[in-house]
There are 2 protein chains.
Amino acid sequence: MTETDRHLMLPIHEQISEALRTRIRSGDLPVGSRLPTETALMSQFGVARGTVRRALRTLNEQGIVQTLQGKGTYVRSGRPEPSIAQTLVGLSESLSYSEKSLTTTVLQQQIIPASGISRFPTPLEPAEQLLSLDRIRFLDGVPVARLKNWVRLQLAPGIDRTDFATTALFTALDSAATGQVSSGRRTFEAVLPGGDIAQSLGISTTTPLLFLTQVTYLDDGTVIEWSDVWMDSHHVTVAMNLTR
Amino acid sequence: MTETDRHLMLPIHEQISEALRTRIRSGDLPVGSRLPTETALMSQFGVARGTVRRALRTLNEQGIVQTLQGKGTYVRSGRPEPSIAQTLVGLSESLSYSEKSLTTTVLQQQIIPASGISRFPTPLEPAEQLLSLDRIRFLDGVPVARLKNWVRLQLAPGIDRTDFATTALFTALDSAATGQVSSGRRTFEAVLPGGDIAQSLGISTTTPLLFLTQVTYLDDGTVIEWSDVWMDSHHVTVAMNLTR
DNA sequence: CAGTGGTCTAGACCACCGG
DNA sequence: CGGTGGTCTAGACCACTGC
């Protein structure tokens, strides 16, 4: 195995869940249909039952299938959407299992003093340094989301040296943060985009956008990051699974 | 083992996760502390590693602990308050956190055949009867949301006799449903309202609205209800708490 | 009843973390 | 490097579903 191969190698259970997602999207496994039994999947993929179950668990968590004891695993109705909102993950993780390719362009990445911006979710010293990040997400080359993030540099030292075109913010936060990234709060609104947002997404200023604001906390309750995200509903939908 | 014992017998992994929850609550395992390693828990509880991992998975999903590869499993800080959108509740429950008064007007409430509508999240017989509900929600007298719901009458017999001006749909569903209302899926988009939606909310057709679609399932996976909701972001925002 | 998923065991090897 | 969790195997028995 070459070094390149090792980077591209996914765990077997992810390969299986991805293969099943593909079969579902292609219509090979239509909505409401039953997936092959776990035993059948074992032989189809040549793995042990635990690995099949690990793959099915992912699909259940993503709301793509539903497993019922004694009956089987069924394809859920509704087109499969990433469940963005249920757990604290970055947008790229949320969208990454779509069949489309997700790419990121960094418009701007710089260190600024807190006095340089107007909206904080928490009181800051004017001189405190923030990493300001401004990016566009593309799905198959089509701009679908504009993301602005602010990270408190003293709580994530060195994060400014990350290449955010290839590394997700949450991945970088996890390794750079001085504490554990543990919780967050998101709000959703519908807005009309300002001129620069509209231009960067290639839409008119009369196209409604889903506007998401997010604050991320360390486990001691400190705010470490906050962001504003505009998403074009024509291309990405925010979905979440709910339980009682 | 007696018959009673058998009913009370919980899976071992649940007994373990409950035991750990108790140790955390008691302060035996304080916030931020590391749990015993999986190997240590194996011998403490006399089970295989898979069982320990199944128990830790539950605690991770509940946001009580956080497991980090190569490091260990740590007790997380106290959980944020119940979030609006993370659990399956009706909109009235979600908005009642606000101090403003919430009222509802029923525009239409009638029984229609499935053939009378165009969009189902699940295949239906054309003759199947649906309760069709169309309502407006007011916050302090200002219209903020338009709600359209469809309920499969055969799965919630008698629900059509509910007074939905005073009773929340989910309350009625709970008592009328033939099964347990257990899960749901919501998606969010930003849209421009059609003329009737705009008019009912007293806004123009160029005001962007948050558009929420929801499907509600019984615990056997059957779709029992689905809905379309338009919300005016100027008056209500959807917020949710997230955990890792 | 046969078939399904849920639980559980007892191993093995690997990737990641920190000193 | 030793210790941690992540993955994976190859079995076993049980609880639930539907015929």
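Given the structure is predicted, the values throughout are model-derived calculations rather than measurements.

Caption draft 1: Here's a closer look at the overall build of chain A. Secondary structure summary: chain A contains seven helices and nine strands in total. For chain A, the residues scored as buried account for 52% of the 244 residues in total. The contacts of chain A with a sequence gap of at least 6 include a subset with a gap of at least 24, amounting to 57%. Total accessible area on chain A is roughly 11100 Å²; 51% of this is exposed by carbon and sulfur atoms.

Caption draft 2: Region of the structure containing the environment of S17(A). Residues and elements named next belong to chain A. You can see S17 is positioned in helix α2 (residues 12-25). For S17, a relative accessible area of 1% translates into the label buried. Distance from S17 to M231, taken between C-alpha atoms, is 27 Å for residues 214 residues apart in sequence. For S17, the residues in contact, after removing those within four places along its chain, are A55, T58 and L59.

Caption draft 3: Just the protein's contact with DNA strand C, in detail. Looking at DNA strand C, there are 22 residues lining it, with R49(A), R53(A), I12(B), A48(B) and T51(B) nearest. Among all atoms of DNA strand C positioned within 4 Å of the protein, those belonging to sugar or phosphate total 70%. Between T51(B) and DNA strand C, the recorded distance is 2.4 Å, taken from a side-chain N or O atom to a phosphate oxygen. At the level of secondary structure, the elements contributing two or more residues to the surface near DNA strand C comprise α4 (49-61), β1 (65-68) and β2 (72-75) of chain A together with α2 (12-25) and α4 (49-61) of chain B. Per element, the largest residue contribution to the surface near DNA strand C is three residues, and it comes from α4(B). Taken together, the residues of the surface near DNA strand C break down into five nonpolar, eleven polar and six charged.

Caption draft 4: Inspection of the pattern of salt bridges at higher detail. If you walk through the whole model with that rule in mind, you get 17 salt bridges over all chains. With its nearest N and O atoms 2.9 Å apart, the salt bridge here joins R23(A) to D28(A). You can call R23(A) partly exposed: its relative accessible area is 23%. Of the residues examined, D28(A) reaches a relative accessible area of 46% and is grouped as partly exposed. E38(B) is the partner of R49(B) in a salt bridge, and the nearest nitrogen-oxygen pair spans 2.8 Å. Note that R49(B) is positioned in helix α4 and E38(B) in helix α3 (residues 38-45), a separation of eleven residues in sequence. Look at E38(B) and you get buried, because its relative accessible area is 14%. Members of the salt-bridge network, linked through shared partners, are E18(A), R21(A) and R25(A).

Caption draft 5: View of unusual backbone geometry. All names here are of chain A. For D140, which is not a glycine, the phi torsion comes out positive at approximately 55°. One can find D140 in the loop between β4 (129-139) and β5 (142-152). Residue classification places D140 among the partly exposed residues on the basis of a relative accessible area of 47%.

Caption draft 6: The arrangement of the packing of aromatic side chains in detail. Across all of its chains, the model carries five aromatic pairs over all chains by this definition. Between W150(A) and W226(A) the ring centres are 6.2 Å apart and the planes differ by 25°, which places this aromatic pair in the stacked class. Of this pair, W150(A) sits in strand β5 while W226(A) sits in strand β8 (residues 223-231), and the two are 76 residues apart along the sequence. Considering the side-chain rings of F211(B) and W230(B), the 5.0 Å spacing of their centres and the 35° angle between planes classify their relative orientation as tilted. Remark: W230(B) occurs in strand β8 (residues 223-231) and F211(B) occurs in strand β7 (residues 209-218); sequence separation between them is 19 residues. Here F211(B) matches W230(B) in class, with each residue buried.

Caption draft 7: Layout of the protein's contact with DNA strand D. Surveying the vicinity of DNA strand D reveals 21 residues, the closest of which are I12(A), A48(A), T51(A), R49(B) and R53(B). Sugar plus phosphate: this is where 73% of the atoms of DNA strand D within 4 Å of the protein reside. With respect to DNA strand D, the side chain of R49(B) contributes an N or O atom lying 2.6 Å from a base nitrogen. The separation between a phosphate oxygen of DNA strand D and a polar side-chain atom of R53(B) is 2.6 Å.

Caption draft 8: Highlighting the packing of α2(B) against α4(B). Residue and element names in this part refer to chain B. At a closest axis distance of 8 Å, the pairing of α2 and α4 adopts a crossing angle of 55°. By the criterion of interaxial angle, the relationship of α2 to α4 is oblique. Like other packed secondary-structure pairs, α2 and α4 cross with a definite hand, here right-handed. Contacts between α2 and α4 involve I12, H13, I16, S17, L20 and R21 on the former and, on the latter, T51, R54, A55, L56, T58 and L59.

Caption draft 9: How the structure looks around α4(A). Residue and element names in this part refer to chain A. Its 13 residues give α4 an end-to-end C-alpha distance of 18 Å, which sits within 8% of 18 Å, the value for a rise of 1.5 Å per residue. The complete set of buried residues in α4 reads V52, A55, L56, T58 and L59. An end-on view of α4 places all buried positions within 150° of arc, on one side of the element. Elements that come into contact with the buried residues of α4 comprise α2, α3 (38-45), β1 and β2. Phi for G63, located one or two positions after α4, is positive at around 75°.

Caption draft 10: Inspection of helix α6 (residues 169-176) of chain A at higher detail. Restricting attention to buried positions, one finds in α6(A) the residues L169(A), F170(A), A172(A), L173(A) and A176(A). Within α6(A), the buried residues cover an arc of 160° as seen down the axis, which keeps them to one side.

Caption draft 11: Summary view of the domain arrangement of chain A. Here chain A is described as being made up of domain 1 (3-75) and domain 2 (91-231). For domain 1 of chain A and domain 2 of chain A, the distance between their C-alpha centroids amounts to 32 Å.

Conventions adopted
Residues numbered from 1 in each chain as written. Chains lettered and ligands numbered in written order. Predicted model: local features only at pLDDT ≥ 70, side-chain atom pairs only at ≥ 80, totals over all residues. Heavy atoms only, no water. Helix = DSSP H or I, 4+ residues; strand = E, 2+ residues; numbered from the N terminus. Buried < 20%, exposed > 50% of the residue type's maximum accessible area, 1.4 Å probe, protein only. Contact = heavy atoms within 4.5 Å. Areas by Shrake-Rupley, 256 points an atom, 1.4 Å probe, with all protein chains shown as cover. Near = heavy atom within 4 Å. Polar contact = N/O pair within 3.5 Å; in protein donor to acceptor, adjacent residues only side chain to side chain. Nonpolar A, V, L, I, M, F, W, Y, C, P; charged D, E, K, R; others polar. Salt bridge = Lys/Arg side-chain N within 4 Å of Asp/Glu carboxyl O. Phe/Tyr/Trp six-rings, centres within 6.5 Å; stacked < 30°, edge-to-face > 60°. Axes fitted to C-alpha atoms, helices over the stretch in contact; angles between N-to-C directions. Parallel < 35°, antiparallel > 145°, perpendicular 65-115°, else oblique. Left-handed = near helix turned anticlockwise from the far one by under 90°. Expected span 1.5 Å × (residues − 1). Arc of directions from axis to C-beta. Domains from an automatic or database assignment.

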